[in-house]
Amino acid sequence: MIPYSVNIKLAARTLTGTLNLQNKTAVDWGWQGLIAQGCHSSILIIDPKTSQTIQVLERHKANVVKVKWSRENYHHSLSSPYSLRLASADSAGKIIVWDVVSGTAHCEIQEHSKPIQDMDWLWTQDASRDLLLAIHPPNYIVLWNGDTGTKLWKKSYAENILSFSFDPFDPSNLALLTSEGIVFISDFSHSKPPGSGGKKVYIASPHASPAHTKPVPAALPAPTGAKKALNKVKVLITNEKPTAEAVTLNADCLQLSYLPSKRNHMLLLYPREILILDLEVSQTVGVVAIERSGVPFIQVIPCAQRDALFCLHENGCITLRVCRSTTAPDESVAASDPEQSVQELVYDLRSQCDAIRVTKTVRPYRMVICPVNENNAALTVSDGRVMLWELKAHVSKPTVNPSSGLSPLYAPVAFCGSPLGQNQKKIQDLSLNTMIGQSLVSGADPPPPSLQQEVQLKFLLTGLLSGLPLPPFALRMCPPLTTKNINHYQPLLAVGTSNGSVLVYNLTSGLLHKDLSVHSCEVKGIEWVSLTSFLSFATSTPNNAGLVRNELQHVDLPTGRCFAFRGEQGNDEPAIEMMKVSHLKQYLVVVFRDKPLELWDVRTGTLLREMAKNFPTVTALEWSPSHNLKSLKKKQLLAREAMARYTTLSDTEQSSVESSVISLLQDAESKSEGGGQAISAREHFVFTDTDGQVYHITVEGNTVKDGARIPPDGSMGSIACIAWKGDTLVLGDVDGNLNFWDLKARLSRGIPTHRGWVKKIRFAPGKGNQKLLVMYTDGAEVWDTKEVNMVSSLRIGRNVNYRILDIDWCTSDKVVLASEDGCIRVLEMAMKSASYRMDEQDLTDPVWCPYLLLPRAALTLKAFLLLQPWSGTFTMDITQVDYTEKHEIKGLIQEQLNSMSNDMKSVLLDPELNLLQRCLLVSRLFGDESDLQFWTVAAHYLQSFAQARHLSVPVPEGQTPAEGTQATPQGHLDIYHDTLCESFYFQRFQLERVHLQEVKRSSYEHTKKCADQLLLLGQTDRAVQLLLETSADNPSYYCDSLKACLVTTITSSGPSQSTIKLVATNMIANGKLAEGVQLLCLIDKAADACRYLQTYGEWNRAAWLAKVRLNPAESSDVLKRWAEHLCSPQVNQKSKAILVLLSLGCFHKVGEMLQSMRYFDRAALFIEACLKYGVMEANDSTNKLIGAAFVDYARLLRTLGLRESAAFWASRAGGAGEQLLEELFQGEGAVPEETEGLENTE
């Protein structure tokens, strides 16, 4: 067998089209910065910054219904690297966990064969990151290990489960949305299934209660229709089966999600409204409603960084609503009427993007937002489009009297957690919390007006990916690569579509090269006539007489010029069945249904011959690859030489040359006039008629000759197609027989394939390559015609679940198939649909994604960005650093650096960027959730403790600086950090929340809960008022009245205190924990109350109480005990414990813990920041920790290959680093000067 070389390497890839309805919910945007989207049974991985598809995962047999990226909330090191892990679930109940870079599956999981309703990765644990929770219909939740595919536990519930939501603040809380209501699970754990059946809750409308029928204040406008309906606010009623009216309320609940921006809040989405529930009182505290003429919601995504909602509407419009600050704009109003200042949570519409044109086939499916920055949204549309919207903040002139009535939004004063330097560069649109400042809480001081910048938000469309249109498709690959065209060859695939346009794709990049609107009806076939032009034909639907309009167009790609190849003719004639262009692209045969064929000259566009009426009906036709072009060119060359010789001969010799020869030469020369183009070489084609007889016809110039006829082969049915290459001719018939003719040896072999009608057969390109691609109604096969055996096969139902519509070869070893699921796949000859390795890809634009690098390289890149400047210079060139590594890897790292945006580069190269800002920025760039959380809290508290120390207020370790010292421009941590916030801010937030609950209460239960909260918060007067509201016929009337008396008469006399304390401890001992704690709070023994709560395992409640009631020293004790509890092996939430210790200012302990957990990079940088800010001093007690941390970091840097910086950190570690320094510079003499120089630059 002659070896043939493989031409230009094309990656196997899938061009995807429209989505299936089941793909609607299958889209997710991961912390890794990529979007995963299900399209039929494939999964696309999209890079939103450059809007290109960088991977297509193929292994599912059914439609993909859910995709979920794994979380990045763990410390990344060589043992737990940055990796792209994705879970996908299909409608047949199979879950696959992928390694996306290599395109392979970690494991496959199957429990039942129904579509998976919902799934998510657990985020809670430091120990295991592989746990995946899934809902298997109708009513099972199963916890899987996503790495090994083993089942940990399974639990069934009474109702059908639709979806679930994890509480982002408490790992043991999970809410299930079921067909009847909501089930709250409060004992969720990875080690065992939930014990109880959960707390069932039904959604219903309350009766108008006295609390709601307050007179409307005159200041407010009269409620309109939508508002009136909302005055009957919905609540959650527990344990009662609802009335018929209420059931309908639940039936159209589209979604339930916890709010990640504040604890114990949840949203319920209905087509026309969003309800915000406060779960402590099971009561609606805010409503976002749509007016009667407005467009209904499909989906809503709550943000974490600010209390804001991204909402998707049915017309594809995305709106952003931000929660209104609760500070009354005018303090005097609030003072006169405290009721009015807090009515409910209001979400103001701040920005919206353009809608799309919705039709029967085009409708918006889902929206996802970037979890790292929360200022980018992607919208998937049913026609396969993905629209990428970016939120931009514009600084606007402050308006004197805003007509909209909205309070202005202000930009935050800080950048990356620190106040901005004088000339510091910043990125305004880095993330949602750098675009808009925190919402103020009543009682908090707003920042001074001089610092405030008013901003307005706008959506900008920054990217668009479009898919293929609906099938059917007609495919044709451009002529193959040869040695002559290798310099300007582009692998272009022409795709004819049902709407008459021809799409040309470049298969190197997989991107659309041209979209040409050529025809007015479905394209039936395409034939290329050069590397840059093609002919395509389309036929309209037949009229009553069976006649159609035929369109045959010639298209020139570079200019896009189209002209009708057959001129005016084409209306009302029989349909074109096929067209075939000869091998030298000289002639074209057009075959009609009930009309003799036409023969055209492609170069001049003239009709050479229209066959006679009695011409046989053609069933299959193919041009022969043999022609006489070479011999013609040879003759022409000889003729030219002879003519040249003849003119230089002398007269005497001339006469001796025979005149006949000269006339011959002149004749040959005249034939070849006008250069090589006009040589009309002789070409042949063969065709078969309905009886199976094979005809042979020769065309030369404008003469057409009939040649030999071969009688039909008895074993073959009606011939459907012919292919011819070299000395092999292959015929395929309607019964699935293939007949191989060897023309040299004059042999024929018939092979029955038993696969029905042979639709198409095509030989592969490349000299000596005798592979043949065959298409049937139920799939395709590749045959080797030399050996006459089958190489590979594809059959619907066996190894694929889609029908093949068209086939072609795109290189000598790859085929391209168009399938019924609307995709076009480029596959290896084995036709196994496989994902490809992402690092083998040719991307048009470079993609910033450190996850694509090798684990070592990704960490090196991170260190390179964190440890600027290198030898005193800020650089983005890795080659300027002493870095020992292979050139390819260096190159890949440099590509990543180059692909960063210019804004980002200029900020990273800015000497004004301090260490804390750099750490925060790099963790954002890497999408590293755990780093981001750590550095946000660390930056805040390092600065606030440093400031307190600077104001020379001695703060003992473990105490938060007093409130007076807190008036810093950076304010406070955001409330989504919950108990990590400063006490004074946390307290105000809780008070405000109780006020809101109080306004909204609608039943005795709610009033009781509010009174309890007020007592814990120390608001005794208000609590007494609520207790006295209890009506006389209520069984607890007596009890509440006595409680009111008790609260008002408590004096600090010794005996009453000891009695109450005794009663309280007895109550706690007898299981009445909440009541006992209340009594202790009444007599200012909140510290004891916290201790009891902790003893009984109510750790979160104790932390809450410590924050709102205790002085700094006592509260610090309580929180330290909590941190110890979090570190214990059965809880294993050390990362959370570290954050708690940071908020207490126990920086030395944090350093030690980071070191003991082997977080060497984080430990060293954190200690470095502590030293810089002066909250840790290098003395005997700390030197041991500093030395150990720095030397371990130096070792890590050495393993990464960064020797120069390893030497620098080792030299800073004092005595501990000496040995490492010696190892680093063995054989190189003394310590080089540069490290000494570096030490001084610090």
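Scroll up to find the structure this text is about.
Thresholds, definitions, all that
- Residues numbered from 1 in each chain as written.
- Predicted model: local features only at pLDDT ≥ 70, side-chain atom pairs only at ≥ 80, totals over all residues.
- Heavy atoms only, no water.
- Helix = DSSP H or I, 4+ residues; strand = E, 2+ residues; numbered from the N terminus.
- Buried < 20%, exposed > 50% of the residue type's maximum accessible area, 1.4 Å probe, protein only.
- Contact = heavy atoms within 4.5 Å.
- Areas by Shrake-Rupley, 256 points an atom, 1.4 Å probe, with all protein chains shown as cover.
- Salt bridge = Lys/Arg side-chain N within 4 Å of Asp/Glu carboxyl O.
- Lys, Arg positive; Asp, Glu negative; His and termini not counted.
- Polar contact = N/O pair within 3.5 Å; in protein donor to acceptor, adjacent residues only side chain to side chain.
- Axes fitted to C-alpha atoms, helices over the stretch in contact; angles between N-to-C directions.
- Parallel < 35°, antiparallel > 145°, perpendicular 65-115°, else oblique.
- Left-handed = near helix turned anticlockwise from the far one by under 90°.
- Nonpolar A, V, L, I, M, F, W, Y, C, P; charged D, E, K, R; others polar.
- Pairing = 2+ DSSP bridges.
- Core = buried A, V, L, I, M, F, W, Y, C linked by side-chain atoms within 4.5 Å.
- Disulfide = S-S within 2.5 Å.
- Patch = residues over 30% accessible without salt bridge, like charges linked within 9 Å, V, L, I, M, F, W, Y side chains within 5 Å.
- Charge placed at Lys NZ, Arg CZ, Asp CG, Glu CD.

Can you explain the overall build of the chain? Please cite residues and give values.
The helix and strand tally for the chain stands at 29 helices and 60 strands. Per-residue burial over the chain gives 55% buried out of 1242 residues. Contacts in the chain between residues far apart in sequence, at least 24 positions, make up 56% of those at least 6 positions apart. Split by element, the accessible area of the chain, about 53500 Å² in all, is 52% carbon and sulfur.

Please give an account of the pattern of salt bridges that cites residues and values.
Scanning the entire structure with this criterion turns up 53 salt bridges. Between Arg593 and Glu577 there is a salt bridge whose closest N-O contact spans 3.3 Å. A residue pair is termed long-range when its members are at least 10 positions apart, and Arg593 in the loop between β43 (587–592) and β44 (598–601) and Glu577 in strand β42 (residues 576–581) qualify at 16 residues. With relative accessibility at 42%, the residue Glu577 sits in the partly exposed group. Within this structure, Arg476, Glu527, Arg762 and Asp808 form a network of salt bridges that share partners.

Any chance you could break down the side chain of Lys66 for me, citing the residues and the numbers?
Relative to the assigned elements, Lys66 resides in strand β6 (residues 64–69). As a buried residue without a salt bridge, Lys66 has its nearest oppositely charged side chain in Asp118, at a separation of 4.4 Å. A distance of 3.4 Å separates the side chain of Lys66 from the side chain of Thr25, its partner in a polar contact. Residues within four places of Lys66 in sequence aside, it is in contact with Thr25, Ala26, Ala87, Ser88, Ala89, Ile116, Gln117, Asp118 and Met119.

Outline the packing of helix α9 (residues 855–866) against helix α10 (residues 887–898), listing residues and values.
Between α9 and α10, whose axes approach to 10 Å, the crossing angle comes to 50°. Overall, the two elements α9 and α10 adopt an arrangement that is oblique. Of the two elements, α9 crosses α10, and the hand of that crossing is right-handed. Within the contact between the two elements, α9 uses Ala857, Thr860, Leu861, Phe864 and Leu865 and α10 uses Ile889, Ile893, Gln896 and Leu897. Partitioning the contact of α9 with α10 into residue classes produces seven nonpolar, two polar and no charged.

Explain the sheet that holds strand β33 (residues 453–465) to me, and be specific about the residues and the numbers.
Backbone-to-backbone hydrogen bonds join strands into a sheet, with any given pair of strands oriented parallel or antiparallel. In space, the five strands of this open sheet follow the order β27-β28-β29-β33-β30, with antiparallel pairing throughout. Each edge of the sheet is formed by a strand with only one pairing partner; in this case those strands are β27 (364–369) and β30 (409–411). On average, each strand axis in the sheet is tilted by 40° relative to the strand beside it, whichever way the strands run.

Tell me about the sheet that holds strand β46 (residues 620–627), residues and numbers included.
If you trace the four strands from one edge of the open sheet to the other, you get β46-β47-β48-β49, paired in antiparallel fashion. Single-partner strands in this sheet number two, and they are β46 and β49 (703–710). When strand polarity is set aside, the average angle formed by the axes of neighbouring strands in this sheet is 25°. Pairing analysis gives six bridges linking strand β48 (residues 694–700) to β49, with the strands arranged antiparallel. In the sheet register, Glu700 faces β49, and the bridge partner there is Thr703.

Explain the nonpolar core residue by residue, including any values.
Ile45, Leu86, Leu865, Leu908, Leu1105, Phe1166 and Trp1209 are the most contacted members of the largest nonpolar core, which has 176 residues in total. Considering every element that reaches this core, the biggest residue donor is helix α13 (residues 929–950), with ten residues. If sequence neighbours within four positions are ignored, Leu86 has contacts with Ala36, Ile43, Ile45, Leu57, Val67, Lys68, Trp69, Ile96, Val97, Trp98 and Val100. One finds Leu468, Cys478, Val495 and Leu557 within the second-largest nonpolar core, a separate group that totals 31 residues.

Give me the lowdown on the state of the cysteines, citing residues and values where you can.
Per the stated rule, a full pass over the model turns up zero disulfides. Free of any disulfide, Cys823 has its nearest neighbouring cysteine sulfur in Cys39, separated by 4.5 Å. The buried category is assigned to Cys823, whose relative accessible area is 0%.

Hey, could you go over unusual backbone geometry for me, with residue numbers and the actual values?
In the segment running from Pro137 into Pro138, the intervening peptide bond is cis, with an omega of -5°. Examined against the element boundaries, Pro138 turns out to sit in the loop between β11 (131–136) and β12 (140–145). Note that the residue after Gln868, namely Pro869, is joined by a cis bond; omega there is -10°. Here Glu374, not a glycine, exhibits a phi torsion of approximately 55°, which is positive. Counting through the fold element by element, Glu374 comes out in the loop between β27 and β28 (376–381). Its relative accessible area of 7% is what places Glu374 among the buried residues.

So what about the environment of Ile35? Which residues, and what values?
Along the chain, Ile35 falls in strand β3 (residues 35–39). Each residue touching Ile35, except ones within four places of it in the same chain, is listed here: Val27, Asp28, Trp29, Leu44, Ile45, Ile46, Pro48, Trp69, Ala378 and Leu388.

Which residues make up a positive patch on the surface, and what values go with them?
A cluster of basic residues, Lys484, Lys630, Lys633 and Lys767, forms a positive patch at the surface. Exposure remark for Lys630: the relative accessible area of 72% places this residue in the exposed category.

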